[in-house]
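What follows is each chain in one-letter form.
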Amino acid sequence: MDRLSVRQARQESAIGQQARLQGWVRTRRDSKGGFSFLELNDGTCLANIQVIADAALENYESEIKHLTAGCSVTVEGQVKASGGKGQATEVQAARVVVHGLADPDSYPLQKKRHSMEKLREWAHLRPRTNTFGAVMRVRNQVCRSIHDFFQEDGFLYLNTPIITASDCEGAGEMFRVTTLDPANPPRTDQGEVDYTQDFFDRPSYLTVSGQLEGEVYATALGKVYTFGPTFRAENSNTSRHLAEFWMVEPEAAFFDLEDNMDLAERFLKRIVTDVLANCEEDLDFFQQRIDNEVRDRLGKIVEGGFARTTYTDAIAALESSGESFEFPVSWGADLQAEHERYLAEKLHGRPVIVHDYPASIKPFYMRVNDDGKTVRAMDVLAPGVGEIIGGSQREERLDVLERRMAEQDLNPDDYWWYLDLRRYGTVPHAGFGLGLERMVQFVTGMANIRDVIPFPRTPGNAEF
Ligand code: 4AD
Ligand code: MG
């Protein structure tokens, strides 16, 4: 007897097979004719498989007739053609083993639809719902496409550290990692905190980005990418910010900004192409139940090119848009979410890459343009989500980089190894970071970033 997933057993090719299926009951319905229908789900696909359990089964009265939503079972039986709507197959059970009951008076996931807020309180049970099953299958496909794309393109997968001493983005949003008692740290004779007694003998943090370490390896091995968790201690309670999120960061030697934009565009098209090809059933669900524009947006990614505009032109377009924005638009100010969405959704109606931002609002490592005012930065703005990718060509000139660090009050001694890359065989290079969760939001239409990661970490929330 073969062990089949629900996904496999739903294929017409499974008809006639003796199979063992294992999963969780979604519903039980008793027919007058002395048998019961069980809807069984095992997470391998959105749909359930219908199991027919006959009254002749030895535990029919004692167990099967007590099955409710959430109970776990093993079913053995034959896969048969089904006359039912929306299903090619069903299973005639010869044996039903009940592993665990789920008291219907206390099991939270009853048949009615629950709000996303409510489901967040049940982060341990929400994967059993249709929505979260679909999100996690799509998330898995996105991760797989990320690796496939870079591996096929000759990029080397690099693991960069989670614990680091340097603040890549310079935004001061790092979580401290320490073994010292914060209330009573050891002090030197001068009264300063004595880090020689700390685990890492210096102030250490959770990484905000693997980029700087990625540059080290790109300037030796050519093309690399990191893919791991990153952390931001920013106190923003929005639908697109997490304190812990996953970032993919390619970095390539001998790439300029044009190469970087081309790479980002090819990369996003590849992910969307794969999701469209492999997640059809889940996408239909998102289209019908979550966001009825999701397929349209995905289609536009695959078909057309992305729009590209300089920051300066984008500001001019926002100024002459006639829109009343909450945040003022002026050259030198960072784009706010509302501005990003206007550009991507209303002005261009497709993803837009904004490049060459003012130096004053960007980190120290971005390459300065000849005008001295702007840097070779690029952000990809996606309809529905806003900024999905941030990246740049990096400053490869030692003197310019040192000047930028001084302007931003960074201590060159902390970055001696990073500066060495410019001292010895420096090359033009570029890279970017894609926020995995924002990408999953984009392809599913899920409104809140807390609902596209298994266990969201946001201010005040780390229970599970
Ligand atoms: O724009 P960011 O901050 O860029 C960097 O960290 C660069 N070092 C990347 C690089 O060039 N290698 O972040 C990159 C992306 C954003 O565009 C966004 O998609 C995502 O990471 N991101 C977040 N996602 C969820 N929650 C947050 N708090 C995020 N902050 C950034
Ligand atoms: Mg950014």
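Conventions adopted
- Residues numbered from 1 in each chain as written.
- Chains lettered and ligands numbered in written order.
- Predicted model: local features only at pLDDT ≥ 70, side-chain atom pairs only at ≥ 80, totals over all residues.
- Pairing = 2+ DSSP bridges.
- Helix = DSSP H or I, 4+ residues; strand = E, 2+ residues; numbered from the N terminus.
- Contact = placed C-beta atoms within 7 Å.
- Axes fitted to C-alpha atoms, helices over the stretch in contact; angles between N-to-C directions.
- Near = placed C-beta within 6 Å.
- Nonpolar A, V, L, I, M, F, W, Y, C, P; charged D, E, K, R; others polar.
- Domains from an automatic or database assignment.
- UniProt positions renumbered as here; feature names shortened; annotations may be inferred.
- Buried ≥ 20, exposed ≤ 12 C-beta atoms within 10 Å, placed from the backbone.
- Arc of directions from axis to C-beta.

Trainee: Honestly, the sheet that holds strand β11 (residues 223-231) in this entry has me stumped. Any pointers?
Mentor: For sheets, the rule is that strands pair by backbone hydrogen bonds, running either parallel or antiparallel. What the 8 strands build is an open sheet, ordered β7-β11-β12-β17-β16-β15-β14-β13; its pairing is mixed. Across the chains shown, the open sheet's two edge strands, defined by having one partner strand only, are β7 (156-157) and β13 (307-310). Taken together, the 5 bridges between strand β16 (residues 386-393) and strand β17 (residues 429-435) define a ladder with antiparallel strand orientation. In the sheet register, S392 faces β17, and the bridge partner there is G431. In the packing of helix α5 (residues 257-278) onto the sheet, the strands contacted are β12 (244-253), β13, β14 (352-358), β15 (374-382), β16 and β17, and the crossing angle to β17 comes to about 30°.

Trainee: Which parts of the structure should I look at to understand the site of ligand 1?
Mentor: Surrounding ligand 1, one finds 22 residues, the nearest of these being S209, Q211, G390, G433 and G435. For the shell around ligand 1, the secondary structure elements donating two or more residues are β12, β16, β17 and α12 (436-444). By residue number, the principal contributor to the shell around ligand 1 is β16, which donates 6 residues. Partitioning the shell around ligand 1 into residue classes produces 7 nonpolar, 9 polar and 6 charged.

Trainee: What am I meant to see in the domain arrangement of the chain here?
Mentor: It is common to give the size of an interface as the accessible area lost on bringing the parts into contact. On domain assignment, one finds that the chain holds domain 1 (2-100) and domain 2 (128-173 + 208-451). Relative to domain 2, the C-alpha centre of domain 1 lies at a distance of 45 Å. Listed as interface residues are 5 residues of domain 1 and, on the opposing side, 7 residues of domain 2. Its residues assigned to classes, the side of domain 1 that touches domain 2 shows 4 nonpolar, 1 polar and no charged.

Trainee: Explain the UniProt feature "domain: Aminoacyl-transfer RNA synthetases class-II family profile" (unreviewed entry) in the chain to me, please; I cannot follow it from the model alone.
Mentor: Per the UniProt record, "domain: Aminoacyl-transfer RNA synthetases class-II family profile" (unreviewed entry) is annotated on residues 136-454. Helix makes up 37% of residues 136-454 and strand makes up 20%, while its end C-alpha atoms are separated by 8 Å.

Trainee: Help me out: how do you make sense of helix α7 (residues 294-303) in this one?
Mentor: In an α-helix, one full turn covers 3.6 residues, which means residues spaced three or four apart are oriented alike. What α7 keeps buried is the set V294, R297, L298 and I301. Down the axis of α7, the sector holding all buried residues measures 95°, keeping them to one side. In α7, the exposed residues that point more than 90 degrees away from the buried face are D296, G299 and E303. In this fold, the buried residues of α7 make contact with α5, α6 (280-290) and α12.

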